[in-house]
Amino acid sequence: MDLQQELNKTGGFKNLELLAKQVVEGFIAGMHKSPFHGFSAEFAEHKIYNQGESTKHIDWKLYAKTDKLFTKRYDEETNLRCHLIIDNSSSMHYPRMKEFGINKLNKIAFSALASASLMHILKKQRDAVGLSIYSDAYDFYSPEKGSERHHQMLLGQLSNMVATKPINKQTETYTYLHQIAENIHRRSLIFFFTDMFQTSTDETKLFEALRHLKHNKHEVVLFHVFDSEKELKFDFDNAPKRFIDVETGEHINLYPDSIKDNYESDVQAYFDELRLKCGQYQIKYVEADITKSFDKILTTYMVERGKFK
């Protein structure tokens, strides 16, 4: 059986790796010269060679011209360890879609493509990346590695995650965050993709779990994934509709306009509280609106990498 063909039949990405490359290259093409060191392992400047140093980076062409030994210094020579965490509960598969592209994504597909884009940069820098996926169970875990085989395996997991649509899968995020935190032993840059919609979890328990990720001097970035048009602004026409909770199966029939103002006010207050709590716990909070581009994701990566010394 050709796994990739089977994934395509079920509505997954046709080529996640290619799409990620397009996202990254499009982002870089739109940038001016980056003020951030460490975005890639590129040559920065020469320095005089001192006896006893490794000869690996001596610029022999420059030696031929000047008869002096210089070595090349590269931006950000220290390898980074990065761990990606993705919430794969049923609510992350909203809205339902049959196929995906850069401009046609639901929350789980946005998270997968954003993760694959970050992996593409990490691969170019020869950095190590790990992945955790959870729903109503700890679905997948892989520690940080930097090999090509590992990279392809993670891409396959991301594609499979998008193609497999969980039915009525709730999650207790705090339970799995504690387990994930126990698996990440060495200091890492952690990116967490979630819509933060929980059916029953006490927010105190959730933020205690996020604080657990802060142990061992990890840098934690919460990418809050949501559809601003539907999940924040409640932008529906006023025809009578049935709204179904995809995680519990519960439903309600109503005219959208009858609750629009109260809904938007309550959700905005919840989002503001999340942002405040993240600030208190020194967790970077980033709005990851699926109706917008990936620029904020990649820019955040560059800034956070600059802090990771």
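Residues numbered from 1 in each chain as written. Predicted model: local features only at pLDDT ≥ 70, side-chain atom pairs only at ≥ 80, totals over all residues. Heavy atoms only, no water.

Caption draft 1: Seen up close, the sheet that holds strand S6 (residues 189–194). In space, the 6 strands of this open sheet follow the order S5-S4-S3-S6-S7-S10, with mixed pairing throughout. The strands lining the two open edges of the sheet, one partner per strand, are strand S5 (138–145) and strand S10 (284–289). Neighbour to neighbour, the strand axes of the sheet diverge by 15° on average, direction disregarded. Against the sheet, helix H5 (residues 148–163) touches strand S3 (81–87), strand S4 (128–134) and S5, its axis set at about 155° to S5. Across the sheet, helix H9 (residues 260–280) lies against strand S7 (219–226) and S10, angled at about 145° from S10, the strand it touches most. (Pairing = 2+ DSSP bridges. Helix = DSSP H or I, 4+ residues; strand = E, 2+ residues; numbered from the N terminus. Axes fitted to C-alpha atoms, helices over the stretch in contact; angles between N-to-C directions. Contact = heavy atoms within 4.5 Å.)

Caption draft 2: Structural context of helix H10 (residues 295–307). The end-to-end C-alpha distance of H10 is 19 Å, a good match for the 18 Å that 13 residues give at a rise of 1.5 Å each. Listed as buried for H10 are Ile297, Leu298, Thr300, Tyr301, Met302, Glu304 and Arg305. Of the surrounding secondary structure, the elements contacted by the buried residues of H10 are helix H2 (16–29), helix H4 (107–124), S6, S7 and S10. (Expected span 1.5 Å × (residues − 1). Buried < 20%, exposed > 50% of the residue type's maximum accessible area, 1.4 Å probe, protein only.)

Caption draft 3: View of H5. Along its 16 residues, H5 runs 23 Å from first to last C-alpha, staying within 8% of the 22 Å computed at 1.5 Å per residue. Every buried residue of H5 is accounted for by His150, His151, Leu154, Leu155, Leu158, Ser159, Met161, Val162 and Ala163.

Caption draft 4: Structural view of the nonpolar core. If you look at the biggest cluster of nonpolar residues, it comprises 50 residues, and the most contacted ones within it are Phe13, Leu113, Leu158, Phe191 and Phe193. With near-sequence residues (within four places) excluded, leucine 113 lies in contact with Phe13, Leu16, Leu19, Ala20, Val23, Ile102, Leu105 and Phe294. Formed by 25 residues, the second largest nonpolar core is a distinct cluster that contains Tyr176, Phe207, Phe226 and Tyr285. (Core = buried A, V, L, I, M, F, W, Y, C linked by side-chain atoms within 4.5 Å.)

Caption draft 5: Seen up close, the packing of H4 against H10. At a minimum axis distance of 10 Å, the contact between H4 and H10 shows a crossing angle of 40°. What the angle tells us is that H4 and H10 run oblique. Seen from above, H4 lies across H10 with right-handed handedness. Contact residues: Phe110, Ala114, Ser117, Leu118, Ile121 and Leu122 in H4; Ile297, Leu298 and Tyr301 in H10. For the contact of H4 with H10, the per-class residue count stands at 8 nonpolar, 1 polar and no charged. (Parallel < 35°, antiparallel > 145°, perpendicular 65-115°, else oblique. Left-handed = near helix turned anticlockwise from the far one by under 90°. Nonpolar A, V, L, I, M, F, W, Y, C, P; charged D, E, K, R; others polar.)

Caption draft 6: Structural context of unusual backbone geometry. Cis geometry marks the peptide bond from tyrosine 94 to proline 95, where omega comes out at -10°. Inspection of the secondary structure puts proline 95 in the loop between S3 and H4. At aspartate 67, a position not held by glycine, the phi torsion is positive, near 60°. For phenylalanine 234, which is not a glycine, the phi torsion comes out positive at approximately 50°. You can see phenylalanine 234 is positioned in the loop between helix H8 (228–232) and strand S8 (241–244). The buried category is assigned to phenylalanine 234, whose relative accessible area is 6%.

By themselves these figures say nothing about function.
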